[in-house]
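Examination of the molecular architecture
One-letter residues, chain by chain:
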Amino acid sequence: MAGVDGCRGGWIAAIEWPDGACGLRLFAGFAALLQTVPPDALVLVDMPIGLPDQIRGPGRAAEQAARPHLGARRGSVFSIPAREAVEAGRGPFRDRATRLAAYRESCRLARLRSAPPSAVSIQGFGLFGKILEIDDLLRADPTLAERVLESHPELVLTGLAGAPCRYPKTVREGAAERRAILLAHGLPAGLAAAPRPCGAAEDDRLDACALLLAARRAQAGRIRRFPDPPERDRYDLPITIHA
């Protein structure tokens with residue numbers, strides 16, 4: 001099983017192999033990750049899966065269901081717009097001007113497909129390429145949606161600790177807080193201490209490790225879904241966060 005987070009270098013995965021061995025790997029593409037792990041591996045990823053044609057309220061139903069559980073960390077759940085707005089930001093972009101034009105078009109379509117009308121945050125726009133990378137794979141092989149599941153590290157950590165984290169994940173205190181929670185709930189110490197792959201930050205490592213623990217919970221049938229039952233998009237992809 002694997003917990004996966006997007007990072008500057010592509011995707012960082014905390015992997016637990018069938019023999020119990022664990023390790024960190026960096027992959028340039030999500031398809032390469034799926035080709036490396038066993039074909040029945042459970043993969044939890046910190047990336048939106050399932051894109052509605054219309055948005056009602058602040059983001060997808062999954063984001064709206066997750067935020068009330070996160071307290072001061074609710075801002076870590078970005079509002080993802082309708083499919084048409086995400087697809088307008090596919091990239092790659094030739095230059096800064098092309099990227100800016102795509103962002104403006106995404107905002108226009110997001111307003112058009114949402115009630116009340118809402119644009120796209122620049123942070124959310126930065127995720128679109130990776131969102132569509134997974135979306136393309138799941139649409140090409142819908143059976144992948146049974147084992148490639150959307151998750152969110154802050155929601156996982158809140159469930160493990162019984163309360164939202166006190167500090168932001170990008171500060172030293174936040175990293176120490178999250179590392180302590182993960183180790184207390186069974187994360188192999190080697191995953192927290194192993195050399196970090198080039199192209200991934202420490203918060204990326206901790207997010208991937210949190211999702212590995214969530215994958216264990218999912219395999220044991222102890223995962224929660226936000227919302228439950230999930231919504232589904234036009235391609236029958238589930239729209240729910242597992243934590």
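Preceding this paragraph is the structure being described.
Described below are features of the structure shown in this document. Not measured: the values here are computed from a predicted model.

**Focus on the pattern of salt bridges**
Scanning the entire structure with this criterion turns up 21 salt bridges. For Glu63, the salt bridge identified is with Arg60, shortest N-O distance 2.5 Å. Both residues of the pair, Glu63 and Arg60, count as buried. Bridged by salt links that share partners, the residues Arg83, Glu87, Asp135, Arg139 and Asp233 form one connected network.

**Looking at the pairing of strand 9 (residues 238-242)**
Of all 5 residues in strand 9, 5 are buried, a share of seventy percent or more. Residues Pro238, Thr240 and His242 point to one face of strand 9 and Ile239 and Ile241 to the other, with burial holding for every one of them. Relative to strand 9, strand 8 (residues 225-232) is paired through 4 bridges, and the arrangement is antiparallel. Each bridged residue has a counterpart across the sheet, and for Arg232 the counterpart in strand 9 is Pro238.

**A look at the packing of helix 7 (residues 153-161) against helix 8 (residues 172-184)**
At a minimum axis distance of 10 Å, the contact between helix 7 and helix 8 shows a crossing angle of 60°. The pairing of helix 7 with helix 8 is recorded here as oblique in orientation. The chirality of how helix 7 crosses helix 8 is left-handed. Between helix 7, through Glu154, Leu157, Leu160 and Ala161, and helix 8, the contact on the second element is made entirely by Arg178, Ile181 and Leu182. Here the residues of the contact of helix 7 with helix 8 sort into 5 nonpolar, no polar and 2 charged.

**Looking at the side chain of His242**
By the secondary structure assignment, His242 is in strand 9. Setting aside residues no more than four positions away along its own chain, His242 makes contact with Leu44, Leu149, Glu150, Ser151, His152, Val156, Ile223, Arg224 and Arg225.

**Quick look at the packing of aromatic side chains**
We describe a pair of aromatic rings using the distance from one ring centre to the other and the angle between the two ring planes. Overall, the coordinates contain 4 aromatic pairs when judged by the stated rule. Measuring from ring centre to ring centre gives 5.0 Å for Trp11 and Phe30, while their planes differ by 70°; the resulting arrangement is edge-to-face. Here Phe30 lies in helix 1 (residues 30-36) and Trp11 lies in strand 2 (residues 10-16), a separation of 19 residues in the sequence. Among the residues examined, Trp11 registers a relative accessible area of 0% and is labelled buried.

**Digging into helix 4 (residues 96-112)**
Relative to the 24 Å expected for 17 residues at 1.5 Å per residue, helix 4 spans 24 Å between its end C-alpha atoms, a close match to the ideal helical length. Within the span of helix 4, buried status applies to Ala102, Ser106, Cys107, Leu109 and Ala110. Where helix 4 is buried, its residues contact helix 3 (83-87), strand 6 (114-115), helix 5 (122-125) and helix 6 (128-140).

**Structural notes on the side chain of Arg147**
Examined against the element boundaries, Arg147 turns out to sit in the loop between helix 6 and strand 7 (148-150). Despite being buried, Arg147 has no salt bridge partner; Asp141 is the closest side chain of opposite charge, sitting 6.5 Å away. For Arg147, the side chain forms a polar contact with the main-chain oxygen of Ala41, separated by 2.8 Å.

**Regarding the sheet that holds strand 4 (residues 43-46)**
An order of 3-2-1-4-7 is seen for the 5 strands of this open sheet, with the pairing classed as mixed. Each end of this open sheet is capped by a strand with a single partner; those strands are strand 3 (22-27) and strand 7. Direction aside, neighbouring strands of the sheet carry axes that sit 25° apart on average. Pairing between strand 1 (residues 2-7) and strand 2: 6 bridges, direction antiparallel. Residue Ala2 lies in a different strand from strand 2, and its bridge partner there is Ile15. Running at roughly 60° to strand 2, helix 6 makes contact with strand 1, strand 2, strand 4 and strand 7 of the sheet.

The rules behind the values
Residues numbered from 1 in each chain as written. Predicted model: local features only at pLDDT ≥ 70, side-chain atom pairs only at ≥ 80, totals over all residues. Heavy atoms only, no water. Salt bridge = Lys/Arg side-chain N within 4 Å of Asp/Glu carboxyl O. Buried < 20%, exposed > 50% of the residue type's maximum accessible area, 1.4 Å probe, protein only. Helix = DSSP H or I, 4+ residues; strand = E, 2+ residues; numbered from the N terminus. Pairing = 2+ DSSP bridges. Axes fitted to C-alpha atoms, helices over the stretch in contact; angles between N-to-C directions. Parallel < 35°, antiparallel > 145°, perpendicular 65-115°, else oblique. Left-handed = near helix turned anticlockwise from the far one by under 90°. Contact = heavy atoms within 4.5 Å. Nonpolar A, V, L, I, M, F, W, Y, C, P; charged D, E, K, R; others polar. Phe/Tyr/Trp six-rings, centres within 6.5 Å; stacked < 30°, edge-to-face > 60°. Expected span 1.5 Å × (residues − 1). Lys, Arg positive; Asp, Glu negative; His and termini not counted. Polar contact = N/O pair within 3.5 Å; in protein donor to acceptor, adjacent residues only side chain to side chain.

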